[in-house]
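The residues making up each chain are set out below.
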Amino acid sequence: MFSKTKHDQSVMERDIQLDNIPKHIAIIMDGNGRWAKKRGLPRVAGHREGMNTIRRTVRQANKYGVKILTLYAFSTENWKRPRPEVEFLMRLPERFLSKELPELIEQNVRVRITGEKDKLPEYTKRAVEKAVAETAHNDGLILNFALNYGSRSEMIQGIQSICRDVKDNNLSIDEIDEACFTGRLMTHDLDDPDLLIRTSGEIRLSNFMLWQLAYAEFWFTNVLWPDFKEDDFQEAILVYQNRQRRYGGV
Ligand code: IPE
Ligand code: IPE
Ligand code: MG
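An account of the accompanying structure is given in this report. Just so it is clear, the model here is predicted, and its values are computed rather than measured.

1. Re unusual backbone geometry
Not every positive phi belongs to a glycine, and asparagine 148 is a case in point at roughly 55°. Tracing the sequence through the fold places asparagine 148 in strand β4 (residues 142-149). Of note, methionine 209 is a non-glycine position whose phi angle comes to about 45°, a positive value. With respect to the helices, strands and loops of the structure, methionine 209 is situated in the loop between β5 (195-198) and β6 (217-220). A relative accessible area of 0% means that methionine 209 is categorised as buried.

2. Some points on the site of ligand 1
Taken together, the neighbourhood of ligand 1 is formed by 13 residues, with Asp30, Gly33, Arg34, Arg43 and Arg81 sitting nearest. Within the contact set of ligand 1, an oxygen atom lies 3.3 Å away from a backbone nitrogen or oxygen of glycine 31. The backbone of asparagine 32 places a nitrogen or oxygen atom 3.1 Å from an oxygen atom of ligand 1. When the free accessible area of ligand 1 is taken as 380 Å², the share hidden by the protein chains comes to 86%. A molecule is said to occupy a pocket when more than half its atoms come within 2 Å of that pocket's grid points, and by this definition ligand 1 occupies the largest pocket. Among the elements of the structure, α2 (32-38), α3 (43-64) and α4 (83-106) are those that each provide at least two residues to the shell around ligand 1. Looking at which element gives the most residues to the shell around ligand 1, the answer is α2, with three residues. Counted by class, the shell around ligand 1 contains three nonpolar, five polar and five charged residues.

3. So, helix α5 (residues 122-134)
Helix length check: α5 (13 residues) gives 18 Å between terminal C-alpha atoms against 18 Å at 1.5 Å per residue, within 8%. What α5 keeps buried is the set Tyr123, Thr124, Lys125, Ala127, Val128 and Ala131. Here the buried face of α5 lies against α4, β3 (110-114) and β4.

4. Some details on the packing of aromatic side chains
Enumeration according to the criterion identifies 11 aromatic pairs in this entry. Seen from their ring centres, tryptophan 225 and phenylalanine 228 are 5.2 Å apart, and the 25° between their planes marks the pair as stacked. Residue tryptophan 225 is classed as buried on the basis of its relative accessible area of 1%. Every member of this aromatic cluster is reached through a ring pair, and the members are Tyr64, Trp225, Phe228 and Phe233.

Parameters and conventions
Residues numbered from 1 in each chain as written. Chains lettered and ligands numbered in written order. Predicted model: local features only at pLDDT ≥ 70, side-chain atom pairs only at ≥ 80, totals over all residues. Heavy atoms only, no water. Helix = DSSP H or I, 4+ residues; strand = E, 2+ residues; numbered from the N terminus. Buried < 20%, exposed > 50% of the residue type's maximum accessible area, 1.4 Å probe, protein only. Near = heavy atom within 4 Å. Polar contact = N/O pair within 3.5 Å; in protein donor to acceptor, adjacent residues only side chain to side chain. Areas by Shrake-Rupley, 256 points an atom, 1.4 Å probe, with all protein chains shown as cover. 1 Å grid on protein atoms, 1.4 Å probe; cavity = no way out; pocket = protein on both sides within 12 Å on 5 of 7 lines; lining within 4 Å. Sits in = over half its atoms within 2 Å of the grid points. Nonpolar A, V, L, I, M, F, W, Y, C, P; charged D, E, K, R; others polar. Expected span 1.5 Å × (residues − 1). Contact = heavy atoms within 4.5 Å. Phe/Tyr/Trp six-rings, centres within 6.5 Å; stacked < 30°, edge-to-face > 60°.

In structure tokens form, the structure reads like this:
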């Protein structure tokens, strides 16, 4: 429910239909570097500022009753960045969670990770595993960080696991269907995203959930991630609510 405290609801917020909220919203949080550059700051200052947007967005998703919020935090391609930036990004989960975990617990949020955890530095793994464990019994919003995630690599691993089962005679080729493949992905326990948001004006997927986004609605904004505010999120939901999802039908 909306809290009706001292702040009036914005016009946009009043238009949101609470019975048609996207269940799973996925966000490609982009534009941190450019945000910093515009201010003459090092790129990492944008990443730091981006954490505030994460806090705001989680609160809002929770308020509207979104079930799953997936945030693309680090791609398998982001290792190409200069080492100090990669290291800063790998320190962010620790920084974010050490500050935010109590509030996440209070908000009944369940933290989970999608991505190749084994390749993360120990300190990153420790921070996320702690958050996952300490929120495991919460049954509210699922806050899913895509961390060291790449869709192509995920699909290749899915194919390998299917091939192994076929080779070991645990699966016949005829049994390979969409559900079987979906079940081999890192997101096997999550419904597909209904709405994809990407900030910063880039109109591409950058190797994000290529299979899972088959029927998602896409919404792009020029706003840079650190500048992404409540009204941007509301606008995305309103646009979504005015789309007609046809899934190939009429
Ligand atoms: C998004 O911001 C954060 C990550 C990819 C980790 P960028 O760092 O990509 O910012 P730009 O795109 O360079 O502005
Ligand atoms: C996508 O952003 C990855 C994340 C937001 C984590 P990038 O900034 O890495 O994507 P490209 O390189 O512009 O496609
Ligand atoms: Mg970028």
